[in-house]
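Each chain is listed here by its residues.
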Amino acid sequence: MKRILLPAALVTALFSTSAIAANKWEKESMDAWIDGKAEATILFNGNLDSFDINTDVQDGIVTLSGSVDNKIERELAEELILGIDGVSDVENRLTVINKDMKDDSEIANNFKDAKISTVITSRLLFESEVSGTAIDVDVDDRVVTLNGELSSEAERDLAITIAENTADVKSVKDNIKIDAE
């Protein structure tokens, strides 16, 4: 009986150890993937200085550190990161340098448009079924205009759906042409 139980216990222990290691590896690789998307999202946004913002990811929670010029940029960075798939929460530790800036509604609207543009552009670039580099995303007062040339109707439909499903978008104008090669 001991001859059967000892190998069975050994096999169980080995499988348990490798399952734990695989689970840890999956979490670490998912965190690294989220961190890469967070860095790229901040980089693609023209209203944020990506060199002044640091990201760190632990179990799907992104910690933002560094500095921004005003409260709107601080909130913009957080909103952009919250829009990334796999992010469960954002711990915003960004320091605001110019605390006296008033939250002017026109500036806030411009930042909201910039956020929408960055989120859609990032999602299009990371979507393997869409030629994200072939699409230009313009946003004015939360109305998205998609311009460019794609190879199929299905690809265009997916790009439009991605834009429509982005938070804060009022509507989407489709100016995408289909290359009829």
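Residues numbered from 1 in each chain as written. Predicted model: local features only at pLDDT ≥ 70, side-chain atom pairs only at ≥ 80, totals over all residues. Heavy atoms only, no water.

Our next topic: the overall build of the protein chain. Regarding its fold elements, the protein chain presents 4 helices and 7 strands. Its helices and strands taken in sequence order, the protein chain reads α-β-β-α-β-β-α-β-β-α-β from the N to the C terminus. Within the span of the protein chain, comprising 181 residues, buried residues form 34% of the whole. In the protein chain, once contacts between residues fewer than 6 apart in sequence are set aside, the share between residues at least 24 apart is 64%. Counting only carbon and sulfur atoms, one obtains 51% of the accessible surface of the protein chain, whose full area is about 11,100 Å². (Helix = DSSP H or I, 4+ residues; strand = E, 2+ residues; numbered from the N terminus. Buried < 20%, exposed > 50% of the residue type's maximum accessible area, 1.4 Å probe, protein only. Contact = heavy atoms within 4.5 Å. Areas by Shrake-Rupley, 256 points an atom, 1.4 Å probe, with all protein chains shown as cover.)

On to the pattern of salt bridges, then. Side chains that differ in charge, positive against negative, can pair when their charged atoms come close. In the structure shown here, the tally under the stated rule is 7 salt bridges. In this structure, the salt-bridge partner of aspartate 141 is lysine 170, at a minimum N-O distance of 3.2 Å. Taken together, the positions of aspartate 141 in the loop between strand S5 (135-140) and strand S6 (143-150) and lysine 170 in the loop between helix H4 (153-164) and strand S7 (171-178) put the pair 29 residues apart, joining distant regions of the chain. Using a relative accessible area of 41% as the deciding quantity, one classes aspartate 141 as partly exposed. Relative accessible area serves as the criterion here: at 47%, lysine 170 is assigned to the partly exposed category. One salt-bridge network, in which partners are shared between bridges, spans Glu79, Lys112, Lys115 and Asp168. (Salt bridge = Lys/Arg side-chain N within 4 Å of Asp/Glu carboxyl O.)

The pairing of strands in a sheet comes from backbone hydrogen bonds and takes either a parallel or an antiparallel form. The mixed open sheet is built from 3 strands, whose spatial order is S5-S6-S7. The sheet is open, and its two borders are formed by S5 and S7, each paired with just one other strand. Strand-to-strand, the axes of this sheet are offset by a mean angle of 10°, without reference to chain direction. Running at roughly 160° to S7, H4 makes contact with S5, S6 and S7 of the sheet. (Pairing = 2+ DSSP bridges. Axes fitted to C-alpha atoms, helices over the stretch in contact; angles between N-to-C directions.)

As a further point, take the nonpolar core. If you look at the biggest cluster of nonpolar residues, it comprises 21 residues, and the most contacted ones within it are Leu48, Ile53, Val62, Leu64, Ile81 and Val87. Among the elements of the structure, helix H1 (2-44), strand S1 (53-58), strand S2 (61-68), helix H2 (71-82) and helix H3 (105-126) are those that each provide at least two residues to this core. The element that contributes the greatest number of residues to this core is H2, accounting for 5 residues. The contacts of leucine 64, once residues within four sequence positions are left out, are Ile42, Ile53, Asn54, Thr55, Ala77, Glu78, Ile81, Val90, Glu91, Asn92, Arg93 and Leu94. (Core = buried A, V, L, I, M, F, W, Y, C linked by side-chain atoms within 4.5 Å.)

On to H2. End to end, H2 covers 17 Å across 12 residues, agreeing with the expected 16 Å (1.5 Å per residue, within 8%). Of all the residues in H2, the buried ones are Ile72, Glu73, Leu76, Ala77, Leu80 and Ile81. Projected down its long axis, H2 carries its buried residues within an arc of 165°, all on one side. (Expected span 1.5 Å × (residues − 1). Arc of directions from axis to C-beta.)

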